[in-house]
Structures are given as structure tokens and as C-alpha cells.
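Structure assessment
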Amino acid sequence: NLNRAFFTTMIMIIGIIRVAAALLLTPLTQRHLQPFAHARTDAENEVKLILQRIEEDTLKLRDEVENAYTQRCSIETLSQCSRGSFNGCSSVFPNQQCMAADELVVEACGGGGGNGCNALWDKTTSIVSIPSALAQGKDDNPTDPELIETACYTLLAEDYMRTKYENDEIFWDSYNVQPSWTYFGAHNGLFRKLPGTVDEECGNYDPRLRPWFVAASSGPKDVVLVLDVSGSMSDYGRMDLAKEAAITVIKTLTISDRVAVIAFSDYAYQVHSDSGTDLLVRATNENKNLLIDSIQKLTDGGATNFHAGFQQAFDALERTIEQEYTSGCNVAILFMTDGVRTAGPETDEVLSLINDSTQRLATLYNRDTKIFTFSLGAQADRLATKEIACSTNGIWTPVGDFDGDLVGAMASYYKLFALGLGDDTEFTAWVEPYEFFWTKKMGTTNSAPVFDRSVDPPLFLGVVASDVHMDAFEQVLGENAQSSTMLQRFIRLSTAQCPKIDLSDCQLEGLRYLAGGEEATCGMCNSTDYPGIIPTECPFKPDLPKNLWQNTDVEGVKYEDRACCEIGSNVPSEMCGIPDEIDTTEIDTSTNSIGLVLGITIPVLFVICCCGWLFCKHKKVSPPTDVPKEVVGTNALPVASVSSAIPANNAQVTYGGVTAAQKPIASRHLNPDPEAAAQAPSSQQQPTNASAKGAKEQSHDQLDGGKVFCSVTRVAIPPPWVECDKCGLILSADSLNKHLETQHPCRGVLYGDAIF
């Protein structure tokens, strides 16, 4: 009992101490942490103010473009438009200047390399870019009347864009951040931006492919791509067309979207990203790249089972919604096939599956699901895919084998969703931070849809947008632009609005007409003008300008010669730019022959040099420098080999008219081979002629009385040069003894009647 009482008392004391410590330390802890909490709150509030300012500017630009659209048909607008715009590929800008190093760095011009070079731009002038497939007129002018009208009315917004940039320079200077571009991308593919820059790749940019465009025109969405990979897709290149179409759609998605790809033939399966999930994944840059890589690896084969493809698509959607991994907004199923069903349930059962499943998603999860079918290839069977669209309140689009405007062909799904945003005047969209092409820095884009709000439903015209570098957010928040917390911040901003789609039969028919002409309609409306869907043409069509460009002074000139400049100048410079790579396809066969000869000769010379080096290293004594080059180290000269018995000491020898005294043998003793000594010749061998061929007779070591002698051969040059028969080295008489003592086990040398 005493022990129990003791432990009970101790527990009570410990509890009292803990409560007291908490009461005493809490105010102290709060006092220490409060400044950090306040600092974090202040930083978040500052970021909110920055984001709010950007969104307000984007909406003001939208208002300017919408107001300009109302004036598109005026005579004044059309007259100002003629030769009033600048082409990013062919025009010289009126107020162009070379970018300062602290403004932008253009690597293609050597910017940032310390060579004093960068690229030209014009902060006061906007430029226009049009995809090459849509610019078929002279000097890359568009011929479509609506494209011409778009270039004309957007020119009216240039003054606001210029003023906005000037104000941005002042605002962003406090964060030591450069202002970025403001631009408008039209639904027909035209693009206008300020500041004006020289296009590096002409005719390749299409704003409708950019995530900022689709994000603002369609809002958050769940997208399922269903691709036919059956054997018939190998015909006419349809498999490649299907891949290209699917990749085109995926590239337009943003972090507010969810996406999945289903492939089907005899059966259906989900094309996974790296995560391997059977759910829709968020369309981050990483997930999009992984899906694109998987799509490119798809192969064709097997039969065509429509039912399996749609069943797999609806299963993936329902799993995703049940686990709350969805965007929470509208659903789009994009079905791509060559149109020939060869396996699985009949078309009627496929239609029942689609209608029952869409109704189930609407009833259980309040999701509006739209079906978009695409017949791929000019030879595709179009009946089944059109029937599916017409029977499920969907839209069918035919896609040609070599459709120059594939983006436009695949645009039906976002144009439908755009109609749900026409009544919302506050909607803007954000995209995941990405690396800007020009600055190579991380940035993001805020965008808003543009409408003609004078018709019902509002007519979708395009998207305005403003770029912003992430530097300011990183400074204020102390976060990396690519951090997960930064990404979540933009996800929350991007998923705040869901378009509500409520279309009449005639409005839906108008969208079908946009997608595929009269052939794509389902006979649900007698109207042919489709107000709010099809833009009305200006009454003065003949007054449209034939030439939009103020000048085309640099048309056809390569980028470096149009854009690259020395900092401080306002014209291109030949000193700037990265040199072109050598085009190896221009090298002819003669050059290849030279290369072949060099490839053989150089290794041979290398081997000869190495052997010569080893040979010379072995011979430490070399002839004097006055020896003719053709003599040194060669055995090819005509020679006469002479050897004789050992003459008496102090004998004289005459050679070439020169009498030389016999020199005594050196006193160095060697250990001769006894067997070889026994075979030494006892009689004198007379000298022999060199023969008519000039061949050299091999000499042998001569031995006498245990002494070894080496023979030498006369060479065909004036004396006193001789060739050592041991090693072939040509020597002077003065260096001969030293050579024999240091290089060979010789007591002396036999030469005619003399011993040297």
C-alpha cells in the first residue's frame, strides 16, 4: 500500500509540473514564433496581391480585344490594317534595338557567352505570327477572310499592350524582374504579341497548341483518349495519324486537367504513365511527357472492338471519380479510329453502353460527359463514328491523312467547353510553371477567354494571356519555382471554375458544322447561320486588305542574319550568332577518297616512325649531320661486301686513293664461342664485286684465336663512310670503333685487308 501511495503521489507531481511548464512556456514560445508566422503571412499576402494584379491586367486586355472585335468591320479599321502589321519572320521593326544582357539572353545569337551579342526586339511594336498551313497568300499573307479580320481588329489593341508593358517595367523593377510578353491567340490560329521579337522558327507556332490557350478556353476537365490500335490502322499511315492527334491533345492539357489513354484492338488496356495507375493522372508536364512516350511506342495489330475501348474508358473514369482523383468538372472522351468495327458487340450495344454510362456518371456523380469521335484518314469508314456522335449528343470530326491544320481538326472539344465560360466575366486560368523559350527562366502564364458577347451564346474568339517570371514569387516566398508547394498553389488557382454547358440542339449542330462542315451535322436544326457558333462575315469583304505586312525586308533570311546583333546597336551584325554546323551531306566522293587515302597512309607512317624511333634509340651513336639523307639508316644503296683474314699489324690499306694506317685492335677482352672459334676461316677470302645488280652479300662475324671481329661493307658514296653488317647503320671511320665497343661484342672490324 505504501508503494502504491508513493507512485500515485509521484505521478500527480509530474502531472502538475507538466501543466505548469506548459502554462509558463506557451507565451514564451508564441513570442518567439510569432514573428516567423507574421512574416509568412505577410509573404503570402504579398503574393496574393501580385497574382491579383496579374489577373486584373489579363481581364483588362481581354476587354480591349473584345472591344476591338466590335470595330472589326469598320472602314477605318480595315484601312489602318493594310500594311499595318509586322511579321515576326520577314519584317524589320520600326524601333528595334538589341536586347541588353540584363533584359534577356538569346542563346541562338551567342547571348550570355560574353561576346557582346544578343537579339533584336521592339518594345513598342507587336508582331503577328500565323501557322504556315494558314498563310498561303503572297508574302505569307493569310487568304481566309476571318484570319485577315483577326489581324485587323487585334491591331487596335496594340496601344493598350504597349502601355501595359511600360507600366510592367515600373512594377517589376521593385522585384528586380523583367516584364514579359502580353499576347492574344485567336481560335483560328493567328497570334499577336508585344514586345515584338524575331521568330526563330517561321510558321511553326500555333497558339491553339499551348496549355495556356486550352486552359482558358475549356477550364478544368477529365479527358480520356481512346485509340484504335488494330491491324487496319497500319493502312495509309493511320496509326501515325492517331498518335499525332493524341499527342496534340495531350500537349494542350494543364495541371487543372486529368487524363488517361486507352488503347484497344481485340481487347482494351490503359496506356500507363510511369506511375502504372489505372486512374486518370494529373496533366503535369512530367506525366504528359511519360504518356506521350508511351503513345509513341504503341504498335498496331488485331481486330477492332469498339465496345472494349469504351468500356475501359468508363471504368477508368468511375474508378477515378470514386477515389476523388478527378478534376471535379466536365468529362470528354475522344474516340479515334479508322471507323471499321470487326470484333465485339454490335454498334447498337456500343451505343447503349455509352448512353447508360454517361447517364450513370450524371446521376451518381453529377458529371457531364461529352463524346467526341474522329474518323482518321481519307479512306476511313465514317458511318459508325458519326452514328456514335449523333446518338450520344456528341460531335464527329473527319481528319484527313495530311491535314495541315490538325490542331483545328482536334479543337472541337475545347470549343464546346468554351461555350460554358461565355457568361463568366471573371474567369482566368493559370498553368504549371515552365521554362520560357526566350529567357530560359521559369515562369507561368495567366490567360482568359475572349468572346463576342453580343450574341447568344457568346461567340468564342480566342485567348489573351500575360507571362510572368517566377523570380518575384521565389524572392517573396523563398520557394523554388518547381517545388511541390508552388505547384499546389497554381493547382488551386486553376481548378476554381468549372464551365457549365447547356447547349440547345442548334448550338450543338453549329459546333458540329465547325468540326466537319455540313457532312458532320446530324439534322437536328434547320438553321444554317448558327448564331453564337459561326462568326458573321464583314459586309465589306472586297475591302479586306490583301497585304498585312508593313515590310518584308528580311523575308527568306536565316534567323542569325535577321536577329543577332551587338548589344547597343539596332541592326543585325555579322559578328554575332552561332556558326552553322558543317553539312556533311555536301561532301563529294573525291573528299571521301582523300579521307580513305589519309586513313591508310597516316597509320602506316605512324608505324614506320615508331620503328625508326625504336631503332635509333637502340643505336646511341648516329652519323654526323653532314651525311646525306638518302644514306642514313638505309640498306638499299649498292654496296660491295668484302672480308679477309686478319692482316698483320701496322699494315696499310688503300681505299679510293686514300692510304690509311692500320689501327691496333682494342684491348677489350670478350668471351668468344669456342665452337664458333674452331670454325674460323684460315685462308684469305678475296674481295668480290658488288655484282651488276648492286646487291649486298651478307657478311658474318669473323673469329680468330678467341677474338671476335665484325665485318663492314663499303657503301656507294665517297669515303670514309661504311655500313655495319651487324645492324646496318652507316658510320664514319672516326665513329666506327666507339660504335663497335658500345653496341656489338666485336674486337674490331674486317674491311678489305685492314682492321679498323
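Please refer to the structure higher up on the page.
Residues numbered from 1 in each chain as written. Predicted model: local features only at pLDDT ≥ 70, side-chain atom pairs only at ≥ 80, totals over all residues. Heavy atoms only, no water.

**Re the packing of helix H6 (residues 238-252) against helix H7 (residues 285-296)**
Contact geometry for H6 and H7: axes closest at 10 Å, N-to-C directions at 180°. Classified by the angle between their axes, H6 and H7 sit roughly antiparallel to one another. Contacts from Lys243, Ala246, Ile247, Ile250 and Lys251 of H6 reach H7 at Lys288, Leu291, Ile292, Ile295 and Gln296. Of the residues contributing to the contact of H6 with H7, the split by class is six nonpolar, one polar and three charged. (Axes fitted to C-alpha atoms, helices over the stretch in contact; angles between N-to-C directions. Helix = DSSP H or I, 4+ residues; strand = E, 2+ residues; numbered from the N terminus. Parallel < 35°, antiparallel > 145°, perpendicular 65-115°, else oblique. Contact = heavy atoms within 4.5 Å. Nonpolar A, V, L, I, M, F, W, Y, C, P; charged D, E, K, R; others polar.)

**Structural notes on the packing of aromatic side chains**
Under the definition given, this model contains 17 aromatic pairs. A ring pair is formed by Tyr183 and Phe191, whose centres lie 5.4 Å apart and whose planes are at 50°; its orientation type is tilted. Seen in terms of ring centroids, Phe372 and Phe417 are 6.4 Å apart; in terms of plane orientation they differ by 75°. Their pairing is edge-to-face. Separated by 45 residues along the polypeptide, Phe372 in strand S12 (residues 369-376) and Phe417 in helix H12 (residues 412-418) bring together distant segments of the chain. The exposure classification of Phe372 matches that of Phe417, with both residues buried. Pairwise contacts between aromatic rings join Tyr183, Phe191, Tyr205, Trp212, Phe213, Phe451 and Phe460 into one cluster. Between Arg53 and the ring centre of Phe171, over which it is positioned, the NZ or CZ distance is 4.0 Å. (Phe/Tyr/Trp six-rings, centres within 6.5 Å; stacked < 30°, edge-to-face > 60°. Buried < 20%, exposed > 50% of the residue type's maximum accessible area, 1.4 Å probe, protein only. Lys NZ or Arg CZ within 6 Å of the ring centre and 35° of its normal.)

**Remarks on a negative patch on the surface**
A cluster of acidic residues, Asp235, Asp240, Glu244 and Asp300, forms a negative patch on the protein surface. Secondary-structure assignment places Glu244 in helix H6. Its relative accessible area of 45% is what places Glu244 among the partly exposed residues. (Patch = residues over 30% accessible without salt bridge, like charges linked within 9 Å, V, L, I, M, F, W, Y side chains within 5 Å. Areas by Shrake-Rupley, 256 points an atom, 1.4 Å probe, with all protein chains shown as cover. Salt bridge = Lys/Arg side-chain N within 4 Å of Asp/Glu carboxyl O. Lys, Arg positive; Asp, Glu negative; His and termini not counted. Charge placed at Lys NZ, Arg CZ, Asp CG, Glu CD.)

**With respect to unusual backbone geometry**
Omega for the bond connecting Leu194 with Pro195 falls within 30 degrees of zero, at 0°, which places this linkage in the cis form. Cis geometry is adopted by the peptide bond preceding Pro457, which originates at Asp456 and carries an omega value of -5°. In this fold, Pro457 is placed in the loop between strand S16 (442-452) and strand S17 (459-469). For Arg83, which is not glycine, the phi torsion reads 55° and is therefore positive. Relative to the helices and strands, Arg83 is located in the loop between helix H2 (75-81) and strand S1 (97-98). Positive phi, close to 60°, is recorded for Asn393, a residue that is not glycine. By the element assignment, Asn393 lies in the loop between helix H10 (383-391) and strand S13 (395-399).

**A closer look at the state of the cysteines**
For the structure on display, the rule yields eight disulfides. Here Cys81 is linked by a disulfide to Cys152, with a sulfur-sulfur distance of 2.1 Å. On the S-S bond that ties Cys81 to Cys152, the torsion sits near -80°, and the link is left-handed. Taken together, the positions of Cys81 in helix H2 and Cys152 in helix H3 (residues 145-155) put the pair 71 residues apart, joining distant regions of the chain. Cys152 matches Cys81 in its accessibility class, with the two residues each being buried. Between the sulfur atoms of Cys98 and its disulfide partner Cys565 the distance amounts to 2.1 Å. Disulfide Cys98-Cys565: torsion about the S-S bond near 90°, hence right-handed. Of this pair, Cys98 sits in strand S1 while Cys565 sits in strand S18 (residues 564-566), and the two are 467 residues apart along the sequence. We classify Cys98 as buried; its relative accessible area is 7%. (Disulfide = S-S within 2.5 Å.)

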